[in-house]
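# Close look at the chain arrangement
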Amino acid sequence: MATSTYTVTGMTCGHCVNSVKTEIGKIDGVTSVDVDLASGSVRVDSTAPLTDADVAAAVDEAGYEVAV
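Below, the structure is looked at part by part. (Residues numbered from 1 in each chain as written. Predicted model: local features only at pLDDT ≥ 70, side-chain atom pairs only at ≥ 80, totals over all residues. Heavy atoms only, no water.)

## Structural notes on the pairing of strand 3 (residues 41–46)
This is how it is decided: At least two DSSP bridges between two strands are required for those strands to pair. Numbering of helices and strands runs from the N terminus; a helix is a DSSP stretch of H or I covering at least four residues, while a strand is a stretch of E covering at least two.
Pairing geometry for strand 1 (residues 2–9) and strand 3, over 6 bridges, is antiparallel. Across the sheet, threonine 5 pairs through a bridge with arginine 43, a residue of strand 3. Looking at chain direction, strand 2 (residues 30–36) and strand 3 are connected through 6 bridges and run antiparallel. Across the sheet, the residue bridging to aspartate 34 is arginine 43, located in strand 3. Linkage of strand 2 to strand 3, two consecutive antiparallel strands, is achieved through a turn of 4 residues, within which glycine 40 is found at a positive phi near 80°.

What follows is the structure in structure tokens.
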């Protein structure tokens, strides 16, 4: 089990949160996604470590950006 934390910018509402959770949840091996709208923090639990590129691509697909 691996846990990663990211900061996502541009989220302003519950719909934003759901979009990010849905797209990240499509990555192979992801078991849960927890998003804190106020801070932009996204915690991802997975069966194996994820690549930052995969997560960034999923967040981009949802219409947002991972802060660097």
